[in-house]
Amino acid sequence: MTKHDESSVGRMPELTDFGMIYSARGRLLVVDLVMKDSLTGYIDDPKAFPDLAISIRADMARELAKELLRCANEIDAGRHHPHITILE
């Protein structure tokens, strides 16, 4: 997995919806992602991000789902990623 040392949430595409199809023969999922500017509603000129369609191998989908769940659980527990500094 790629490690992120810096984060810039502003002007980053935000996932707002998704759909999936899958193939047992190809052992892959095709995911359609609907994206918007994460600052939509906060700024006057949000950037337009195109919707994406990506394919993911079944094994990578399992890894991604596991990592997404782990991170969501950390958020629910009130913890931040160790490389994020929160300015108050």
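Per-chain numbering applies: the sequence of each chain, read as written, is numbered from 1 onward. Given that the model is predicted, a residue must reach a pLDDT of at least 70 before its local features are reported, and side-chain atom pairs must reach 80 or more before they are shown or counted; all residues, however, enter totals for whole chains, interfaces and linings. Water and hydrogen atoms play no part in the side-chain values, which are based on all heavy atoms of the structure.

1. What about the sheet that holds strand E3 (residues 52–57)?
(1) Moving on: We call two strands paired when DSSP finds no fewer than two bridges between them. Secondary structure counts use DSSP, requiring at least four H or I residues in a row for a helix and at least two E residues in a row for a strand, with both numbered from the N terminus. Across the sheet, 3 strands lie side by side as E1-E2-E3; this open sheet has antiparallel pairing. Taken across any chain shown, the strands that pair with only one partner, and hence form the sheet edges, are strand E1 (13–23) and E3. Here the average twist between neighbouring strands, direction ignored, is 25 degrees.
(2) Moving on: Relative to E3, strand E2 (residues 28–37) runs antiparallel, the two sharing 6 bridges. Lines fitted to the C-alpha atoms define the axes, with helices restricted to the stretch that makes contact. Angles between their N-to-C directions range from 0 to 180 degrees.

2. Describing the nonpolar core
(1) Moving on: Membership of the largest hydrophobic core is limited to 7 residues, which are Leu29, Val31, Leu33, Met35, Phe49, Ile56 and Ala61.
(2) Moving on: Here this core takes 4 residues from E2, the largest share from any one element. The set of buried Ala, Val, Leu, Ile, Met, Phe, Trp, Tyr and Cys residues whose side-chain atoms join them within 4.5 Å is what this entry labels a nonpolar core. Relative accessible area decides the class of each residue, using a 1.4 Å probe on protein chains only: under 20% of the type maximum gives buried, over 50% gives exposed, and in between gives partly exposed.

3. Focus on unusual backbone geometry
(1) Moving on: The phi angle at Arg27 is positive, at roughly 55 degrees, despite the residue not being glycine.
(2) Moving on: Structurally, the position occupied by Arg27 is in the loop between E1 and E2.

4. Thoughts on a nonpolar patch on the surface
(1) Moving on: Residues enter a patch when their relative accessible area is above 30% and they make no salt bridge; the linking distance is 9 Å between like charges and 5 Å between nonpolar side chains (Val, Leu, Ile, Met, Phe, Trp, Tyr). Using a 1.4 Å probe, accessible areas were evaluated by the Shrake-Rupley method; residue-level cover was limited to the displayed protein chains. Note on definitions: salt bridges are taken to be side-chain nitrogens of Lys or Arg within 4 Å of carboxyl oxygens of Asp or Glu. A cluster of nonpolar side chains, Leu15, Phe18 and Met20, forms an exposed patch at the surface whose accessible area comes to about 320 Å².
(2) Moving on: Relative to the elements of secondary structure, Met20 occurs in strand E1.

5. Re the confidence of the model for the protein chain
(1) Moving on: Scored between 0 and 100, pLDDT is the confidence that the predictor attaches to each residue. Confidence in the prediction for the protein chain averages 87 pLDDT; 86% of positions are at 70 or higher.
(2) Moving on: Across the protein chain, the secondary-structure element scoring lowest on mean pLDDT is E2, at 94, and the one scoring highest is E3, at 96.

6. Brief notes about the pattern of salt bridges
(1) Moving on: Scanning all chains against the criterion turns up 3 salt bridges.
(2) Moving on: A salt bridge links Arg57 to Asp59; the nearest nitrogen and oxygen atoms lie 3.0 Å apart.
(3) Moving on: Judged by relative accessible area, which is 40%, Asp59 ranks as partly exposed.

7. What to know about the environment of Ile43
(1) Moving on: Mapped onto the fold, Ile43 is located in the loop between E2 and E3.
(2) Moving on: When its relative accessible area of 27% is taken as the criterion, Ile43 is described as partly exposed.
(3) Moving on: With 32 residues separating them in the primary sequence, Ile43 and Arg11 have C-alpha atoms 10.0 Å apart.
(4) Moving on: With sequence-adjacent residues up to four places away left out, Ile43 is seen in contact with Arg11 and Asp37. Whether two residues touch is decided by their heavy atoms; if any such pair falls within 4.5 Å, the residues are in contact.

8. Quick notes on the side chain of Asp37
(1) Moving on: Locating Asp37 in the fold gives a position in strand E2.
(2) Moving on: Pairs of N or O atoms within 3.5 Å make up the polar contacts considered here, provided that, within protein, one atom can donate a hydrogen while the other can accept it, and that residues adjacent in sequence are counted only when both atoms are side-chain atoms. Looking at Asp37, its side chain comes within polar contact range of the main-chain nitrogen of Leu39, at 2.9 Å.
(3) Moving on: Here the side chain of Asp37 touches Lys47 through a polar contact of 2.6 Å, landing on its backbone nitrogen.
(4) Moving on: Not counting residues within four places of it along the chain, the set of residues in contact with Asp37 comprises Arg11, Met12, Glu14, Ile43, Pro46, Lys47 and Phe49.

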